[in-house]
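# Working through the structure, step by step
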Amino acid sequence: MAHPQAQTTTALVVAIDGPSGSGKSSTARGVAQRLGLAYLDTGAMYRAVTVAYLRSGLQPDQTEQIAALADAVELTVTDDPEAPAISLDGTDVSDEIREPRVSQHVSIVATNTHVRDVLTDQMRALVEAADQRIVVEGRDITTVVWPQAEVRVLLVADPRARMARRQAELDGKLNDADAHDQIVRRDRDDATVSEFATPADGVTLIDSTHLNLEQVIDHICSLAPTPPQE
Ligand code: DC
């Protein structure tokens, strides 16, 4: 994506971390649209490598081969908050990455430390390519990927509220056991590699349990430094 004002604007990276179902994606896209920034969903990158893993037929304990997959695949990310997309080796997998089987297996890929290193490098390159004017959401953006972000937020919500949101997103097609697996079990697995339960120093904690989307977007936008007057 082209960023024509790049030379004249200052960096504004908004880093938003949080567990699944905390409302990160809708919030991050809303903030990007409001502030005129690009948008990067780093979870989509882990999910795209998971699609490659599922296609490969590898087993969860084949960690070296899973690591090699991350080196071999080519991810292409569209960072437009109006139409975010991701391709795997030239094929758009934006819908496939949302399938329940991908959610079920993504922790196998996301807990592989080599995969994390490879994707972290790619995320940093994408932030640079957006001239550091971008909203980035994930689990370790405020702590590992871009801790120097101008705005750093940890977005949390009560697990019951998160399960209910995920079920609503999938039009009630997700039963309680599957919702529990996608939220509580996945948090537990993800927490083995990233700390996203408590905010790091300088990170603003926002609990969205009793807030609506607009209120969360307002709060995050209010944290952005105002541009210097001409
Ligand atoms: O946000 P999500 O549910 O789409 O993320 C998918 C998985 O990727 C999730 O299990 C955690 C992992 N992830 C991560 O470990 N680090 C990130 N920066 C983003 C996502």
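To start, this report covers the structure provided alongside it. (Residues numbered from 1 in each chain as written. Predicted model: local features only at pLDDT ≥ 70, side-chain atom pairs only at ≥ 80, totals over all residues. Heavy atoms only, no water.)

## Here we look at the sheet that holds strand 8 (residues 204–207)
Sheets are built from strands that pair by backbone hydrogen bonding, the pairs being arranged parallel or antiparallel. In space, the five strands of this open sheet follow the order 2-6-1-7-8, with parallel pairing throughout. Among the strands making up the open sheet, the edge pair consists of strand 2 (38–41) and strand 8. Pairwise comparison of adjacent strand axes, ignoring direction, gives a mean angle of 20° for this sheet. Where strand 2 lies against strand 6 (residues 133–138), four bridges are found, and the strand directions are parallel. In the strand pairing of strand 6, alanine 38 is matched with isoleucine 134. In the packing of helix 1 (residues 24–35) onto the sheet, contacts are made with strand 1 (12–17), strand 2, strand 6 and strand 7 (151–156), and the angle to strand 6 comes to roughly 175°. Running over the sheet, helix 2 (residues 42–56) touches strand 2 and strand 6 and is turned about 45° from strand 2. (Pairing = 2+ DSSP bridges. Helix = DSSP H or I, 4+ residues; strand = E, 2+ residues; numbered from the N terminus. Axes fitted to C-alpha atoms, helices over the stretch in contact; angles between N-to-C directions. Contact = heavy atoms within 4.5 Å.)

## Some thoughts on the packing of helix 3 (residues 63–72) against helix 5 (residues 113–129)
One way to put it is that helix 3 packs onto helix 5 with a least axis distance of 8 Å and a crossing angle of 15°. Accordingly, the angle class assigned to the pair helix 3 and helix 5 is roughly parallel. At the point where helix 3 passes helix 5, the crossing takes the right-handed sense. In this structure, helix 3 uses Ile66, Ala67, Ala70 and Asp71 to contact helix 5, whose residues at the interface are His114, Val115 and Val118. Grouping the constituent residues of the contact of helix 3 with helix 5 by class yields five nonpolar, one polar and one charged. (Parallel < 35°, antiparallel > 145°, perpendicular 65-115°, else oblique. Left-handed = near helix turned anticlockwise from the far one by under 90°. Nonpolar A, V, L, I, M, F, W, Y, C, P; charged D, E, K, R; others polar.)

## Notes on helix 8 (residues 176–190)
A rise of 1.5 Å per residue sets the reference length of helix 8, with its 15 residues, at 21 Å; its end C-alpha atoms lie 20 Å apart and thus fit the reference within 8%. Along helix 8, the sharpest kink reaches roughly 25°, centred on glutamine 182. All of the buried residues along helix 8 are Ala179, Gln182, Ile183, Arg185, Arg186, Asp187 and Asp190. Against helix 2, helix 4 (100–110) and helix 7 (159–169) lie the buried residues of helix 8. (Expected span 1.5 Å × (residues − 1). Bend = angle between axes of the 7 residues up to and from the residue. Buried < 20%, exposed > 50% of the residue type's maximum accessible area, 1.4 Å probe, protein only.)

## Thoughts on the sheet that holds strand 4 (residues 85–88)
If you walk across this open sheet you meet the three strands as 3-4-5, and the pairing is antiparallel. The strands lining the two open edges of the sheet, one partner per strand, are strand 3 (75–78) and strand 5 (91–92). With two bridges connecting them, strand 4 and strand 5 associate as antiparallel partners. Paired with leucine 88 across the strands is threonine 91, a residue of strand 5. Helix-sheet contacts for helix 2 involve strand 3 and strand 4, and the interaxial angle to strand 4 is about 30°.

## Re the nonpolar core
Residues Leu75, Leu119 and Ile134 are the most contacted members of the largest nonpolar core, which totals 38 residues. Looking at this core element by element, the count peaks at eight residues for helix 2. Among residues more than four places away in sequence, those in contact with isoleucine 134 are Leu12, Val13, Val14, Leu37, Ala38, Tyr39, Leu40, Asp79, Leu126 and Val127. By size, the runner-up hydrophobic cluster in this structure holds 18 residues, among which are Ile16, Val31, Val151 and Ile206. (Core = buried A, V, L, I, M, F, W, Y, C linked by side-chain atoms within 4.5 Å.)

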